[in-house]
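Architecture and fold: a report
What follows is the residue order along each chain.
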Amino acid sequence: PAVSEVAVGGLLFVGLMVFSAFHGGAHVVQCTVLSRILPYGETTGFVATIGFTKLVVAACNFVVPPVLERHGVLGVQLMLLVPGAVSLLAGIWLALLADTFTVPHSRTSSVITEDVVIEETPGPCLPCSARGLFKGTGVIWLLSFWRALVMGALHSFRTIQNGLVTQYEVSLVEAGSIVGWTQTLALCILPVLGLFADCAGRRVLIVLTSWLVALGALVLAWGPGVPSLAWIGSLLSVALASLVIPVVALSLVRRNSRKALGWSFGLLESLFSLAQVVFTVAVGALREAGGYEYALVFNCACLCVGAATSVVLAATVRDVQSDA
């Protein structure tokens, strides 16, 4: 029995590692292909991709429970093979069309020309020190750090979100309903913000979203004494930032990458995955040590640092408004 338990545990570990690797790899490939397909309007493209993903997740939330009840885990696994097969067919189709993508592969001379064009169209009035420190791939590192810091904090906050809301004299069911409605409203607002970003640029969204969610974290850290409208608005800021920040970060990669797009998207995904693990473990330990108060102070501090970073990023990142 001990040997069989070790074998099962080993197989489970290998399976999770393979799943995680392919999940991250698929996301990098998806972002790279989308950046090569769209000559402009990357923000709207990523909004559509993330919005469709959310719809698929919502559909699975409705379908999986009855399938699990009737057919067990095996039935769920077989059912999930259907979207996997659709993804495989879509991948084959895209691979066959790779030579027709609007933006060529990084090894072609066209992308070098695009980098030259980017270099000649910098952002408004950057300080010399910021230009020197964050030129070339340094911009991608700064963008990745900002996304990992803010999204890592938001991801860890989701693990305590429903329980935290119950402190505002609502039941667990009501808390789930409030969180669900804030997420739905944020999803409805996202397409409007995507169009705004493609028309007016994404620098404003970088700063505005970062400071808005940092303010929301401060309100939540204040405790249950705040008005209902304030803490519900804070939950909405969290839901909105969770959608907007990934879109903005991903849509800025092509305009700022000095290496292959796959490398840049891979860096964003790697730092974000690392932040997810570290922040979730840290929030769990802090909650065990000092309850929600310690966890909220930690999240608030991370989001405030992210807000400060957003100012540097907005002054450094290249965001050509002719994308619209």
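Residues numbered from 1 in each chain as written. Predicted model: local features only at pLDDT ≥ 70, side-chain atom pairs only at ≥ 80, totals over all residues. Heavy atoms only, no water.

Some words on the overall build of the chain
Filter applied, for reference: Only DSSP runs of H or I with at least four residues qualify as helices, and only runs of E with at least two residues qualify as strands; both kinds are numbered from the N terminus onward. Throughout, a residue-residue contact means that at least one pair of heavy atoms, one from each residue, lies within 4.5 Å. Per-residue and other accessible areas were derived by the Shrake-Rupley procedure at a 1.4 Å probe size, with only the shown protein chains allowed to occlude residues.
Counting its secondary structure elements, the chain contains eleven helices and zero strands. Going from N to C terminus, the chain has its helices and strands arranged as α-α-α-α-α-α-α-α-α-α-α. Here the analysis covers contacts within the chain between residues at least 6 apart in sequence; of these, 81% occur between residues at least 24 apart. Accessible surface, the chain: about 17,400 Å² in total, of which carbon and sulfur atoms supply 74%.

Observations regarding empty space enclosed by the protein
Rule in force here: Using protein atoms alone on a 1 Å grid, points that fit a 1.4 Å probe yet trap it form a cavity, whereas open point sets bounded by protein on both sides within 12 Å along at least five of seven lines form a pocket; residues with an atom within 4 Å of a point count as lining. Grid points are joined across faces, edges and corners, and a volume is the space filled by probe spheres set on the points.
Within this structure, the stated rule accounts for two cavities of 30 Å³ or more. In this structure, the largest cavity occupies an estimated 70 Å³ of space. Lining of the largest cavity is provided by Leu 154, Phe 157, Ala 217, Leu 220, Val 238, Leu 296, Asn 299, Cys 300 and Leu 303. Mapped by element, the contributors of at least two residues to the lining of the largest cavity are α5 (137–158), α8 (203–222) and α11 (261–316). The leading source of residues in the lining of the largest cavity is α11, at four residues.

Describing the nonpolar core
The tendency in soluble globular proteins is for nonpolar side chains to be buried as a group. Convention followed: Note on terminology: a nonpolar core comprises buried Ala, Val, Leu, Ile, Met, Phe, Trp, Tyr and Cys residues joined through side-chain atoms within 4.5 Å. Three labels apply to residues, based on accessible area from a 1.4 Å probe with only protein chains included: buried if under 20% of the type maximum, exposed if over 50%, partly exposed otherwise in between.
In terms of nonpolar packing, the biggest core is built from 67 residues, with Leu 143, Trp 146, Leu 154, Phe 157, Trp 231, Phe 265 and Leu 303 touching the most fellow members. Of all elements in the fold, only α1 (2–37), α2 (42–96), α5, α6 (161–165), α7 (172–200), α8, α9 (228–251) and α11 reach the threshold of two or more residues within this core. Not counting chain neighbours up to four residues away, the residues in contact with Leu 154 comprise Val 213, Val 238, Ala 241, Ser 242, Asn 299 and Leu 303.

Observations concerning the environment of Pro 224
Within the secondary structure layout, Pro 224 lies in the loop between α8 and α9. The partly exposed category is assigned to Pro 224, whose relative accessible area is 47%. For the pair Pro 224 and Thr 166, spaced 58 residues apart in sequence, the C-alpha separation works out to 9.7 Å.

Focus on the packing of aromatic side chains
Put simply, the test is: Note on aromatic pairs: the rings of Phe, Tyr and Trp (six-membered ring only in Trp) are paired at centre separations within 6.5 Å, and the planes decide the class, stacked below 30 degrees, edge-to-face beyond 60, tilted for the rest. In this analysis the charged atom, NZ for Lys or CZ for Arg, is taken to sit over a ring once it is within 6 Å of the ring centre and within 35 degrees of the ring normal.
One pass over the structure, following the stated rule, counts two aromatic pairs. Measuring from ring centre to ring centre gives 4.5 Å for Tyr 168 and Trp 231, while their planes differ by 25 degrees; the resulting arrangement is stacked. Within this pair, whereas Tyr 168 is found in the loop between α6 and α7, its partner Trp 231 is found in helix α9, the two being separated by 63 residues in sequence. Judged by centre distance (5.6 Å) and plane angle (75 degrees), the ring pair of Phe 279 and Phe 298 falls under edge-to-face. The side chain of Arg 147 reaches across the aromatic face of Phe 272, ending 4.8 Å from its centre.

Quick look at α8
Heads up, the rule is: For a helix, the expected span equals 1.5 Å multiplied by the residue count minus one.
Compared with the 28 Å implied by 1.5 Å per residue over 20 residues, the 29 Å span of α8 between its first and last C-alpha is a close match. Among the residues of α8, Arg 203, Leu 205, Ile 206, Thr 209, Ser 210, Val 213, Ala 214, Gly 216, Ala 217 and Leu 220 are the ones counted as buried. Within two residues after α8, Gly 223 carries a phi angle of roughly 115 degrees, on the positive side.

Description of the packing of α5 against α8
Each packed pair of helices is defined by two parameters, the angle between the axes and the distance between the axes. Counted only if it meets this: In this analysis, axes come from line fits to C-alpha atoms, helices being fitted only over the stretch in contact, and the angle between any two N-to-C directions falls in the range 0 to 180 degrees. The hand of a helix crossing depends on one turn: near helix anticlockwise from the far one by less than a right angle means left-handed, and clockwise means right-handed. Note that Gly is not counted as nonpolar here; it falls among the polar residues with everything else outside the nonpolar set of Ala, Val, Leu, Ile, Met, Phe, Trp, Tyr, Cys and Pro and the charged set of Asp, Glu, Lys and Arg.
One can describe the packing of α5 onto α8 by two numbers: an axis separation of 12 Å at closest approach and a directional angle of 35 degrees. α5 and α8 meet at a crossing whose hand is left-handed. When α5 is examined against α8, the residues Trp 146, Val 150, Leu 154 and Phe 157 are found in contact with a partner set consisting of Ile 206, Ser 210, Val 213 and Leu 220. For the contact of α5 with α8, the residue count by class is seven nonpolar, one polar and no charged.

Regarding the confidence of the model for the chain
Caution is warranted with low-pLDDT regions, since their predicted coordinates should not be read in detail. Applied cut-off: Per-residue confidence from the predictor is given as pLDDT, running between 0 and 100.
Predicted confidence across the chain gives a mean pLDDT of 77, with 81% of residues reaching 70 or more. For the chain, the element scoring lowest by mean pLDDT is helix α3 (residues 109–119), at 36; α8 scores highest, at 90. Confidence over residues 107–134 falls short of pLDDT 50; this stretch has 29 contacts with residues more than four positions distant or in other chains.

A look at α11
Basically, it comes down to this: Throughout, bend refers to the angle between the axes fitted to the seven residues that end at a position and the seven residues that start at it.
Spanning 56 residues, α11 covers only 19 Å between terminal C-alpha atoms, well under the ideal 82 Å at 1.5 Å per step. Most pronounced at Gly 290, the bend in α11 amounts to some 135 degrees.

A closer look at the state of the cysteines
Cut-off, in case you're wondering: Note on terminology: disulfide denotes any pair of cysteine sulfur atoms within 2.5 Å.
Evaluated as defined, the whole model comprises zero disulfides. Note on Cys 302: no disulfide assigned, nearest cysteine sulfur contributed by Cys 300 at a separation of 9.3 Å. Counting only cysteine sulfurs, Cys 300 is the nearest neighbor of Cys 304, a cysteine outside any disulfide, at a range of 4.2 Å.

Examining a nonpolar patch on the surface
Put simply, the test is: Patch membership is restricted to residues that have no salt bridge and whose relative accessible area is over 30%. Joining uses 9 Å for like charges and 5 Å for the nonpolar side chains Val, Leu, Ile, Met, Phe, Trp and Tyr. The salt bridge definition used is simple: a Lys or Arg side-chain nitrogen within 4 Å of an Asp or Glu carboxyl oxygen.
Residues Phe 13, Val 14, Met 17 and Val 18 make up a contiguous nonpolar surface patch of roughly 390 Å² in combined accessible area. Relative to the elements of secondary structure, Met 17 occurs in helix α1. Met 17 sits in the partly exposed class, given a relative accessible area of 49%.

Overview of the packing of α8 against α9
Between α8 and α9, the least distance of the axes is 8 Å, while the angle of their chain directions is 145 degrees. Both α8 and α9 take part in a crossing whose hand is left-handed. Across the interface between the two elements, Leu 205, Ile 206, Thr 209, Leu 212, Val 213, Gly 216, Val 219 and Leu 220 from α8 touch Ala 230, Trp 231, Ser 234, Leu 235, Ser 237, Val 238, Ala 241, Val 244, Ile 245 and Val 248 from α9.

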